[in-house]
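Coordinate inspection notes
In case you want the letters, here they are:
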Amino acid sequence: MTRLTDLPPAQAQRLAELECPDFKTRPWVTGPALSRRRVAIVSSAGLVVRGDNPFRGRDSDYRVIPGDTKPEDLLISHISINFDRTGFQEDWNVVFPLDRLRELAAEGVIGSVAATHYSFMGATDPVQMERNARELAGRLKRDQVDAVILSPV
Amino acid sequence: MSALGHYLEEEGIATVAISLIRPQTENTRPPRALWVPFELGRPFGPPGDPPFQRRVLLAALRLLERASGPVIIEDFPEEDPRAQPDPAWRPPPVPSGGASVEAVAARLDTEIPLLRGAHESWRARHGRTAIGLSGLSIADCGHYVADWVRGKAPPSPRDGFSPPLMLRFAVDDVKAYYLEAGASAGKPSSRQLGDWFWNETAAGAAIHALRAACLASDDERLKLIAGNFMVPAARVRSAG
């Protein structure tokens, strides 16, 4: 288990005091029961499909992860080295729980799993991601997605 | 992550975020978040434990059914059992040797092939590898890093990848190779693997040496990459 108190003090302080956007609105979207939702994963782990263009720095765009991507073809290109990667190396569901989502869909707990998933680079200033995030919303809607699980590292 | 939730929700898509750093989530106040008491890098908890991961995922998704909000920030009650050390775990043996720059570089070149069997066992066990950002073979990654350690500043072998960027990806691939080889048997915690990698292997010594050398260079980009993206904050040595 790691809480901020388990990290080097300077790192913990930096993370705790990281400047966050001060939003003026509090959006709140409701929807159908979970059993009718179509769910996508949006990660900030800097995930990239093997052979695709890895994140190079604090890029503000995102990468596309097709739903038929195989576990051996998903890599982390996040610039930060201050988080554990061994869990993801062993089992992608630690960061990208696609197998768990598929199981929930097969059991009818959720309606379905999106055709495509996405990843940003979490070290990027969130304000710089805004335009791409809003553009991504259009893609998600075209895939009939009405629920997103946001997965950080 | 919470900010992404805000933007998507403003565009009409319901979101729920996993939170690893509660103070950040409290500041950003996303529509819905589930704080998990796991180490950074493990938002859904332990590897190889589908029932546990499912409980995390479902606890988060169930927040979508709440009628009251925003803002919802809930805490997941369980700890990650894989955060505990595995007392039976033993890393693959690596040779000890000199600490000079040349000795460390030479040890890196010879250590990588020595771990091939352990790495193949890991791949057979888990069916995947996280090596691949550099696009080089792991042997070539090792040679590339070793050349940097020797102060050669080799050119990038890939078009479109600057030498410092190539160095970052080669270092990432070397780390991935070692951490996978190190976990070929048993269920070591990330801390156990990190202790072995940074304190006992030639690769750990090489990356420490590389960081120190790059920080002393005149190349600002190299300084930035070496200073921030090679040695974790918890592993930086005061002399390095």
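Quick notes on the rules
Residues numbered from 1 in each chain as written. Chains lettered and ligands numbered in written order. Predicted model: local features only at pLDDT ≥ 70, side-chain atom pairs only at ≥ 80, totals over all residues. Helix = DSSP H or I, 4+ residues; strand = E, 2+ residues; numbered from the N terminus. Buried ≥ 20, exposed ≤ 12 C-beta atoms within 10 Å, placed from the backbone. Domains from an automatic or database assignment. Core = buried A, V, L, I, M, F, W, Y, C linked by C-beta atoms within 7 Å. Contact = placed C-beta atoms within 7 Å. Arc of directions from axis to C-beta. Axes fitted to C-alpha atoms, helices over the stretch in contact; angles between N-to-C directions. Parallel < 35°, antiparallel > 145°, perpendicular 65-115°, else oblique. Left-handed = near helix turned anticlockwise from the far one by under 90°. Nonpolar A, V, L, I, M, F, W, Y, C, P; charged D, E, K, R; others polar. Pairing = 2+ DSSP bridges. Right-handed = clockwise from strand over helix to strand, strands pointing away.

**Some remarks on the environment of Ala185(B)**
Residue and element names in this part refer to chain B.
- Mapped onto the elements of the fold, Ala185 is located in the loop between α7 (163-182) and α8 (190-200).
- The exposure class assigned to Ala185 is partly exposed, which follows from the 16 C-beta atoms found within 10 Å.
- Sequence separation between Ala185 and Met1 is 184 residues; the distance between their C-alpha atoms is 34 Å.

**Let's talk about the domain arrangement of chain B**
- Domain annotation for chain B reports domain 1 (2-82) and domain 2 (101-235).
- Look at where the C-alpha atoms of domain 1 of chain B and domain 2 of chain B centre, and you get two points 32 Å apart.

**Observations concerning the nonpolar core**
- One finds Val148(A), Leu4(B), Val16(B), Val145(B), Ala206(B) and Leu210(B) to be the most contacted residues of the largest nonpolar core, which totals 110 residues.
- Ranked by residue count, the leading element in this core is α7(B), at 11 residues.
- For this core, the two domains that each supply at least three residues are domain 1 (2-82) and domain 2 (101-235) of chain B.

**Focus: the interface of chain B and chain A**
- Of the residues lining the interface, 69 residues belong to chain B; the matching set on chain A comes to 72 residues.
- Looking at the side of chain B that touches chain A, the elements that each hand over two or more residues are α1 (2-10), β1 (15-19), α2 (22-28), α3 (50-62), α7 and α8 of chain B.
- For the side of chain B that touches chain A, the element with the highest residue contribution is α1(B), accounting for eight residues.

**What about unusual backbone geometry?**
Residues and elements named next belong to chain B.
- A cis amide bond, omega -15°, links Gly69 with the succeeding residue Pro70.
- The linkage connecting Pro70 with the following residue, Val71, adopts the cis geometry, with an omega of 15°.
- With respect to the helices and strands, Val71 occurs in the loop between α3 and β3 (72-75).

**Considering helix α10 (residues 220-228) of chain B**
All names here are of chain B.
- All of the buried residues along α10 are Leu222, Ile225 and Ala226. Summarising the axial view, the buried residues of α10 lie within an arc of 95°, below the 170-degree limit, and thus occupy one face.
- Turning to α10, the residues buried within the fold contact α7 and α9 (202-215).

**Concerning the packing of helix α4 (residues 126-142) of chain A against α1(B)**
- In the contact formed by α4(A) and α1(B), the axes pass within 9 Å of each other and the chain directions differ by 40°. In terms of orientation, α4(A) and α1(B) fall into the oblique class. Pair α4(A) / α1(B) crosses with right-handed handedness. Of the residues in α1(B), those in contact with Pro126(A), Met129(A), Glu130(A), Ala133(A), Arg134(A) and Ala137(A) of α4(A) are Ala3(B), Leu4(B), Tyr7(B) and Leu8(B).
- Of the residues in the contact of α4(A) with α1(B), the class split is eight nonpolar, no polar and two charged.

**Some details on the environment of Thr30(A)**
Residue and element names in this part refer to chain A.
- Counting through the fold element by element, Thr30 comes out in the loop between α1 (9-16) and β1 (38-43).
- Residue classification places Thr30 among the exposed residues on the basis of 11 C-beta atoms within 10 Å.
- Placed 62 residues apart in sequence, Thr30 and Trp92 show a C-alpha to C-alpha distance of 29 Å.

**Comments concerning the pairing of strand β6 (residues 116-119) of chain A**
- Here two bridges tie β1(A) to β6(A), and the two strands are oriented parallel to one another. Pairing of Val42(A) across the sheet is with Tyr118(A), part of β6(A).

**A short note on the packing of helix α5 (residues 116-126) of chain B against α7(B)**
Residue and element names in this part refer to chain B.
- Interhelical geometry of α5 versus α7 gives an angle of 75° and a closest axis separation of 7 Å. Here α5 is positioned roughly perpendicular relative to α7, judged by the angle of their axes. Contact residues: Ala118, His119 and Trp122 in α5; Tyr177, Glu180 and Ala181 in α7.

**A word on the pairing of β3(B)**
Residues and elements named next belong to chain B.
- Judged from the four bridges that link them, strand β2 (residues 32-35) and β3 form a sheet pairing that is parallel. Looking across to β3, one finds that Trp35 is bridged to Asp75.
- On the question of chirality, the crossover connecting β2 to the parallel β3 by way of α3 is left-handed.

**Thoughts on the environment of Phe161(B)**
Residue and element names in this part refer to chain B.
- With respect to the helices and strands, the residue Phe161 is situated in the loop between α6 (138-149) and α7.
- For Phe161 and Ser134, which are 27 residues apart along the polypeptide, the C-alpha to C-alpha distance reads 9.1 Å.
- If we skip the residues at most four places from it in the chain, Phe161 touches Ser156 and Met166.

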